[in-house]
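# Reading the structure
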Amino acid sequence: MTLKHLWFAASLALTALLSQHAAAQTSPAPLPAVTTIAALDVPRYMGTWYEIAKFPNRFQAKCAANTRAQYLAQTDGSVQVLNSCTTAEGNPTKALGRAQQIGAANSPKLKVRFAPEWLSWLPLVWGDYWVIDLDADYQLAAVSDAKREYLWVLSRTPQLSPQAYEALLERLKGQHFDVQKLDRTPQATTQR
């Protein structure tokens with residue numbers, strides 16, 4: 001190897017080392033863990049919740065408006081979940097699922113599945129459902145997961161005051177959620 005080749009190889013190695021160092025200097029620090037509310041009163045949480053906004057996701061791709069979730073406590077301690085929405089063509093669509101609390105009876109962490117019962121033994125059919133924000137009157141909630149991949153803003157009413165929504169967004173920013181990714185969900189003032 002000639003001196004020219006050695007110089008070229010050394011230059012490449014130094015450039016690669018400097019690039020790695022620069023990348024290490026510019027990579028963002030890891031975010032703190034997602035924080036849930038302290039405790040969830042599951043019976044108070046039951047009933048209908050209207051989706052006010054969400055992070056776009058593949059399993060709601062057909063939903064264009066009027067998205068809502070109905071929660072019904074079951075005798076075995078689980079929760080029946082009935083999600084519904086209206087497609088862009090104006091057709092109603094529904095998905096029936098089941099949720100289970102993780103841990104104590106007041107745990108704000110649940111797991112939910114919409115796959116058939118016979119697949120419930122597979123861990124990959126369950127998703128996180130963590131209540132991360134909830135007002136004292138159980139009228140406004142934010143739900144996410146451990147990785148901040150999903151986010152839903154839910155309300156007991158189809159419409160939410162701009163002040164309540166903006167205050168919630170500020171709290172979500174405090175939890176390092178990119179609230180710019182939220183899509184508002186059109187809700188009819190009367191539900192069928």
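Structure report, in brief. What you see is a predicted model; the values in this text were computed from it and never measured. (Residues numbered from 1 in each chain as written. Predicted model: local features only at pLDDT ≥ 70, side-chain atom pairs only at ≥ 80, totals over all residues. Heavy atoms only, no water.)

## Quick notes on the layout of surface pockets
Once rolled over the atoms, a probe with the size of a water molecule shows which space is left empty. In this model, the largest pocket occupies a volume close to 1,000 Å³. Lining the largest pocket are 37 residues, and of these Phe59, Asn83, Val112, Phe114 and Trp152 sit closest to its centre. If you list the elements that add at least two residues to the lining of the largest pocket, you get β1 (47-54), β2 (63-73), β3 (79-87), β4 (92-101), β5 (109-113), β6 (127-134) and β8 (151-155). Here the residues of the lining of the largest pocket sort into 21 nonpolar, 6 polar and 10 charged. (1 Å grid on protein atoms, 1.4 Å probe; cavity = no way out; pocket = protein on both sides within 12 Å on 5 of 7 lines; lining within 4 Å. Points joined across faces, edges and corners; volume = space filled by probe spheres on them. Helix = DSSP H or I, 4+ residues; strand = E, 2+ residues; numbered from the N terminus. Nonpolar A, V, L, I, M, F, W, Y, C, P; charged D, E, K, R; others polar.)

## Describing unusual backbone geometry
Its identity is not glycine, yet asparagine 66 carries a phi of approximately 55°, on the positive side. Structurally, asparagine 66 can be placed in strand β2. A relative accessible area of 15% places asparagine 66 in the buried class. With phi around 70°, histidine 176 is a residue other than glycine that occupies positive phi space. Relative to the helices and strands, histidine 176 is located in the loop between α3 (162-174) and β9 (183-184). With relative accessibility at 39%, the residue histidine 176 sits in the partly exposed group. (Buried < 20%, exposed > 50% of the residue type's maximum accessible area, 1.4 Å probe, protein only.)

## Overview of the pattern of salt bridges
Inspection of every chain in the model, using the stated rule, returns 3 salt bridges. Between glutamate 51 and lysine 54 there is a salt bridge whose closest N-O contact spans 3.8 Å. An identical accessibility class is assigned to glutamate 51 and lysine 54; each is buried. With a shortest N-O distance of 2.8 Å, aspartate 133 and arginine 171 are connected by a salt bridge. With a gap of 38 residues between them, aspartate 133 in strand β6 and arginine 171 in helix α3 connect regions that are remote in the sequence. In this structure aspartate 133 comes out as buried when scored by relative accessible area, which is 12%. (Salt bridge = Lys/Arg side-chain N within 4 Å of Asp/Glu carboxyl O.)

## Considering the state of the cysteines
Per the counting criterion, the structure on display carries 1 disulfide. At a sulfur-sulfur separation of 2.1 Å, the disulfide partner of cysteine 63 is cysteine 85. Residues cysteine 63 and cysteine 85 share a disulfide whose torsion about the S-S bond is about -70°; that sign makes it left-handed. With cysteine 63 in strand β2 and cysteine 85 in strand β3, this pair connects stretches of sequence that are 22 residues apart. Residue cysteine 85 is classed as buried on the basis of its relative accessible area, which comes to 4%. (Disulfide = S-S within 2.5 Å.)

## A look at α3
Helix length check: α3, at 13 residues, gives a terminal C-alpha distance of 18 Å against a target of 18 Å (1.5 Å per residue), a fit within 8%. Looking only at α3, the buried set comprises Tyr165, Leu168, Leu169 and Leu172. Down the axis, α3 shows its buried residues gathered within 105° of arc, on one side only. In α3, the exposed positions angled more than 90 degrees off the buried face are occupied by Gln163 and Gly174. Close packing links the buried residues of α3 with β1, β6, β7 (140-144), β8 and β9. Following α3 by one or two positions, histidine 176 adopts a phi angle in the positive range, close to 70°. (Expected span 1.5 Å × (residues − 1). Arc of directions from axis to C-beta. Contact = heavy atoms within 4.5 Å.)

## Concerning the side chain of serine 84
With respect to the helices and strands, serine 84 occurs in strand β3. Apart from residues lying up to four places away in sequence, serine 84 is in contact with Asn66, Thr67, Arg68, Thr93 and Lys94.

Everything listed here is a matter of geometry and, on its own, says nothing about what the molecule does.
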